[in-house]
Protein chains: 2
Amino acid sequence: MPYYIGDVIRDPKKLIARTPEKFEETGIRVRLNTRVEGIDSDRGEVLLANGERLSYDVLVMGTGAEATLPDIPGTMQGGVFTLKNLRDGINIKEYIKGNSCRRAVIVGAGFIAMEMSEALRNLGLETSIVYRGELPVKKWDPAFSGVVLEELTKNGVSFVAHNSPVAVEKGPDARLYLVTDKEKIGTDIIVFALGVKPNTRLAREAGLTTGESGAIGVDSSQHTSREEIFAVGDCCESYNRMSKKWGHIPLGDMANKQGRVAGRNIAGYPMIFPGVVGAQSFKMFDLEVAMTGLDEKEAEKSGYSPAGNIIWGSPVARSMNRGQKLGLKLIADRDSGKLLGAQAIGQSGAVSRINVLSACLWGGMGLDEIGYMDLAYSPPFSGAWDMIHTAAQILEKKL
Amino acid sequence: MPYYIGDVIRDPKKLIARTPEKFEETGIRVRLNTRVEGIDSDRGEVLLANGERLSYDVLVMGTGAEATLPDIPGTMQGGVFTLKNLRDGINIKEYIKGNSCRRAVIVGAGFIAMEMSEALRNLGLETSIVYRGELPVKKWDPAFSGVVLEELTKNGVSFVAHNSPVAVEKGPDARLYLVTDKEKIGTDIIVFALGVKPNTRLAREAGLTTGESGAIGVDSSQHTSREEIFAVGDCCESYNRMSKKWGHIPLGDMANKQGRVAGRNIAGYPMIFPGVVGAQSFKMFDLEVAMTGLDEKEAEKSGYSPAGNIIWGSPVARSMNRGQKLGLKLIADRDSGKLLGAQAIGQSGAVSRINVLSACLWGGMGLDEIGYMDLAYSPPFSGAWDMIHTAAQILEKKL
């Protein structure tokens, strides 16, 4: 896989352009399609596939993550895809068009699978999701996963639960078969959406420490176990402020922030990456789905004494509601009364609530404060008591 | 004006119904259309218009506020309205229908005037806003007021600046004239939207203290200057956590919260109203307009050393933007680096950002924290760097 390689940015103000040629003008050398075979960390050299050695004073690892393919036969043939980057997306689209695909199977039921199902339905494909568990998006409360399942069904996506793939086969009537432990599903294209694992081969070979999650271990300045080597993005760990643990949370917004932090530290403007609370969201068809912080299980593992509660209500004033329903779950700590996490689902207003509650987590706020916090009330945007207030007050009573 | 009068709620759990009859069943007496003429606070009695005296141990003042009419001739005739409650809205609608109104004039340019202009345009009326100043919604930055003005123009509302009303007259050709210091504007209906003033006559006659704002003075438990008399809602003051001052901020969500706080204190479950940060929003046509906290002027008056900055960007990932533009202004304190206030305007995403920033104000967060805070990124809802992050980082550099 190609890596971009550049010197340390001498004058960040000149960094206004994005093409390799423009980078060159600012004194930054960019080498596209240049494979790195190894890192000689003792000598401070990067070993390129063409035999060249590049010496470095400071090295940044941004090797990303790779989409997971299951260890079953047949996954390497045409029509079988994973989805990690823009090129994968284009490849899938071209394959669908070039092969007049009419049926698609997605394996996995996380948020990439959900987004993918919408994209495939929009292209007119008969779409099935095959999943080993009972309900989609298992990071969310089962009540919310149920709403996601309804949304899939409403939009003509068939959800095949309790099925684990055992092979991909080529067949005479269908172009491909996904063989599971239960059945054999004919299809024209298969997309595996089973999550990602960090690309750490180079790092491990260079002697860098990896964390429990398998991703490269870093400190809050994005240093790896070697002072002069930094790691950022999907290849490294992040600190979760709520669980107080390091883990692998590969999301684009964190990668951006970590890159900035590493860059500042290298350029002599020290700063720390303050960690994450685990805020995330996706859209599928007409549904917003979002979460932040910990769920009850994670909270318990992290030593809290959690309680959770779901409320269903209106994201706007009832007088202006045109059928929208919002589900909001809060999780809080019985001992301290502090918010630990939140989940939301609905046609509108789910992400905005989760962002407010992420700020509350960031500020370490308790349910008592959240229940009476001042929000910008107006009937098109919330009731006089926002659902955030109501949810906090109800959960506070349950603690 | 009618007041609802009720005994202290003995069993809040029974309070599930809203009609007077249902209240009676729960042991609460509700008297509608019952005018209170005075309060004998020394004897603990409320004096009704019919001569009856009701004694009380605890009294809650919820006398609200009244829409302001200017002190000019002619405002008392038919076709001249203010807008404070549901009845006013129904009256305006009935008048428009009953008199086949074709033209409307709104005096004032605050957010009630903006909302009213949309309602009147939706009823098909030729609508003008007459205002003594230069730009609408003067609480917002002039750059944002300019966007509001564009939205008015785009939706066929004429904005007549620099005009102060001096009289309302009845004319032969038009049903009404609004006479200003500059011109004479023919119209069928006039709505004065010049703000509200708190109804404090009863409170003042009862010897209760009013604050600098003219509203009833209360403490954080909603007690007035007499221990046994509480005041809540638009008739009383609120504590602004940002300015650290008491003032009159008549908004529905605060009234709700204050009512709850007073009720709890009366019922023996002590709690304080934690104050407000000044979060507010409105919708006009296709525009969300919102603010929270202080602007530069208010911040200076409150002893801060403020700096502000506006950025314009996309409320969603650029790849998914369909022409939406979002303006976001942050105001922060040069000395502490803390956020002091924020304003936002755009077709979407303005209120959600202001709510996040209100939570940041509530938690006393600094720009450094806000610039790297974890929000639920997904392309349909924001860029990988949300505009909140970018705005905080840019303003931090300017401090």
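Please refer to the structure higher up on the page.
Being a predicted model, the structure only gives us computed values, none of them experimental. (Residues numbered from 1 in each chain as written. Chains lettered and ligands numbered in written order. Predicted model: local features only at pLDDT ≥ 70, side-chain atom pairs only at ≥ 80, totals over all residues. Heavy atoms only, no water.)

### As for the overall build of chain A
A count of helices and strands for chain A gives 10 helices and 22 strands. Relative to the globule expectation of 21 Å for 399 residues, the C-alpha radius of gyration of chain A, 24 Å, shows essentially globular dimensions. Over its C-alpha atoms, taken along the principal directions, chain A stretches across nearly 65 × 60 × 40 Å. Within chain A, buried positions represent 53% of all 399 residues. Within chain A, contacts between residues at least 6 apart in sequence are counted, and of these 57% link residues at least 24 apart. (Helix = DSSP H or I, 4+ residues; strand = E, 2+ residues; numbered from the N terminus. Rg over C-alpha atoms; globule rule 2.2 N^0.38 Å. Buried < 20%, exposed > 50% of the residue type's maximum accessible area, 1.4 Å probe, protein only. Contact = heavy atoms within 4.5 Å.)

### Focus on the packing of aromatic side chains
Within the structure shown, the criterion is met by 14 aromatic pairs over all chains. Taking the centre distance of 6.3 Å and the plane angle of 45° together, the rings of Tyr 131 of chain A and Phe 159 of chain A count as tilted. Here the residue Tyr 131 of chain A occupies a position in the loop between β8 (126-130) and α4 (142-154), and Phe 159 of chain A occupies one in strand β9 (residues 157-160), the gap between them amounting to 28 residues. Of the two residues, Tyr 131 of chain A and Phe 159 of chain A, both sit in the buried class. Ring centres of Phe 111 of chain B and Phe 282 of chain B lie 5.8 Å apart, and the angle between their planes is 10°; on these two criteria the pair is classed as stacked. Of the two residues, Phe 111 of chain B sits in helix α3 (residues 111-122) while Phe 282 of chain B sits in strand β18 (residues 280-284), which places them 171 residues apart along the sequence. Look at Phe 111 of chain B and you get partly exposed, because its relative accessible area is 23%. Linked through ring pairs, Phe 111, Trp 140 and Phe 282 of chain A together constitute an aromatic cluster. A cation over an aromatic ring shows up here: Lys 325 of chain A above the ring of Trp 312 of chain A, its NZ or CZ 5.1 Å from the ring centre. (Phe/Tyr/Trp six-rings, centres within 6.5 Å; stacked < 30°, edge-to-face > 60°. Lys NZ or Arg CZ within 6 Å of the ring centre and 35° of its normal.)

### Thoughts on the state of the cysteines
In this structure the tally under the stated criterion is zero disulfides over all chains. Its sulfur unpaired, Cys 236 of chain B is 5.1 Å from the next cysteine sulfur, which belongs to Cys 235 of chain B. Here Cys 360 of chain B is not disulfide-linked; the sulfur of Cys 360 of chain A is the nearest cysteine sulfur, at 8.6 Å. (Disulfide = S-S within 2.5 Å.)

### A look at the relation of the copies chain A and chain B
Superposing chain A onto chain B takes a rotation of 180° plus a shift of 0.0 Å along the axis, which leaves an RMSD of 0.0 Å. These values place the two chain copies in the arrangement generated by a two-fold rotation axis. Proximity to the rotation axis, assessed at the C-alpha, singles out Val 356 of chain A in chain A; its C-alpha lies 2.2 Å from the axis. Comparing interface residues between copies, 100% of those in chain A also sit at the interface in chain B, which points to an isologous, same-surface contact. (Least-squares fit on C-alpha atoms with pLDDT ≥ 70 in both.)

### Notes on the sheet that holds strand β20 (residues 306-313) of chain A
All names here are of chain A. Taken in spatial order, the five strands make up an open sheet running β18-β19-β22-β21-β20, and their pairing is antiparallel. Both outer strands of the open sheet, β18 (280-284) and β20, are each paired with one neighbouring strand and no more. On average, each strand axis in the sheet is inclined to that of its neighbour by 10°, with strand direction left out of account. Sheet topology places β20 next to strand β21 (residues 326-333); eight bridges connect them, and they run antiparallel. Note on β21: the bridge partner recorded for Ala 307 is Ala 332. Along the sheet, helix α8 (residues 350-362) makes contact with β18, β19 (287-293), β21 and β22 (339-346), crossing β22 at roughly 175°. (Pairing = 2+ DSSP bridges. Axes fitted to C-alpha atoms, helices over the stretch in contact; angles between N-to-C directions.)

### Re the sheet that holds strand β7 (residues 103-107) of chain B
Residue and element names in this part refer to chain B. Read from one edge to the other, the open sheet built from five strands follows the order β6-β13-β7-β8-β9, with strand pairing classed as parallel. Of all the strands in the sheet, the pair left with one neighbour each is β6 (80-82) and β9 (157-160). This sheet shows a mean twist of 20° between the axes of neighbouring strands, independent of strand direction. In this structure, β6 lies alongside strand β13 (residues 189-192), joined through three bridges in parallel fashion. Note that in β13 the partner of Thr 82 across the bridge is Phe 192.

### Side note on the environment of Ile 272 of chain A
All names here are of chain A. Along the chain, Ile 272 falls in the loop between α6 (252-267) and β18. Remark: the alpha-carbon pair of Ile 272 and Val 107, spanning 165 residues in sequence, is separated by 38 Å. Beyond its immediate sequence surroundings of up to four residues, Ile 272 is in contact with Ser 220, Ser 221 and Val 261.

### Some details on the pairing of β7 of chain B
A regular strand places its side chains on the two faces of the sheet in alternate fashion. Residue and element names in this part refer to chain B. By the criterion of burial, β7 is predominantly enclosed, with four of the five residues buried. Taken together, the five bridges between β7 and strand β8 (residues 126-130) define a ladder with parallel strand orientation. Bridging from a neighbouring strand, Ile 106 pairs with Ile 129 of β8. Running through α3, the crossover from β7 to the neighbouring parallel element β8 is right-handed. (Right-handed = clockwise from strand over helix to strand, strands pointing away.)

### Focus: the pairing of β18 of chain A
All names here are of chain A. Within β18, four of the five residues are buried, which leaves the element mostly enclosed by the surrounding structure. Examined bridge by bridge, β18 and β19 share five bridges and lie antiparallel to one another. Paired with Ser 281 across the two strands is Ala 290, which belongs to β19. Between β18 and β19, which pair antiparallel and follow one another directly, the connecting turn spans two residues, one of which, Phe 285, has a positive phi of 50°.

### So, the packing of α8 of chain A against helix α8 (residues 350-362) of chain B
As a packed pair, α8 of chain A and α8 of chain B sit with axes 8 Å apart at the nearest point and diverge in direction by 15°. Put simply, α8 of chain A runs roughly parallel to α8 of chain B. Note on packing geometry: the crossing formed by α8 of chain A with α8 of chain B is right-handed. On the side of α8 of chain A, the interface is formed by Ser 352, Asn 355, Val 356, Ala 359 and Cys 360 of chain A, while α8 of chain B contributes Ser 352, Asn 355, Val 356, Ala 359 and Cys 360 of chain B. (Parallel < 35°, antiparallel > 145°, perpendicular 65-115°, else oblique. Left-handed = near helix turned anticlockwise from the far one by under 90°.)

### Quick notes on the interface of chain A and chain B
Listed per partner, the contact involves 45 residues of chain A and 45 residues of chain B. Between chain A and chain B lies a buried interface of about 3,800 Å² when both sides are counted; carbon and sulfur atoms form 63% of it. Broken down residue by residue, the surface that chain A buries against chain B is led by Tyr 372, Asp 374 and Phe 381 of chain A, which jointly contribute 20%. Linking chain A to chain B there are zero salt bridges. Seen at the junction of chain A and chain B, the total is 18 residue pairs in polar contact (both at pLDDT 80 or more). Elements supplying a minimum of two residues to the side of chain A that touches chain B: α6, β18, α8 and α10 (387-398) of chain A. By residue number, the principal contributor to the side of chain A that touches chain B is α8 of chain A, which donates nine residues. (Buried area = accessible area lost by both parts, 1.4 Å probe. Salt bridge = Lys/Arg side-chain N within 4 Å of Asp/Glu carboxyl O. Polar contact = N/O pair within 3.5 Å; in protein donor to acceptor, adjacent residues only side chain to side chain.)

Bear in mind that shape data such as this cannot, by itself, settle questions of function.
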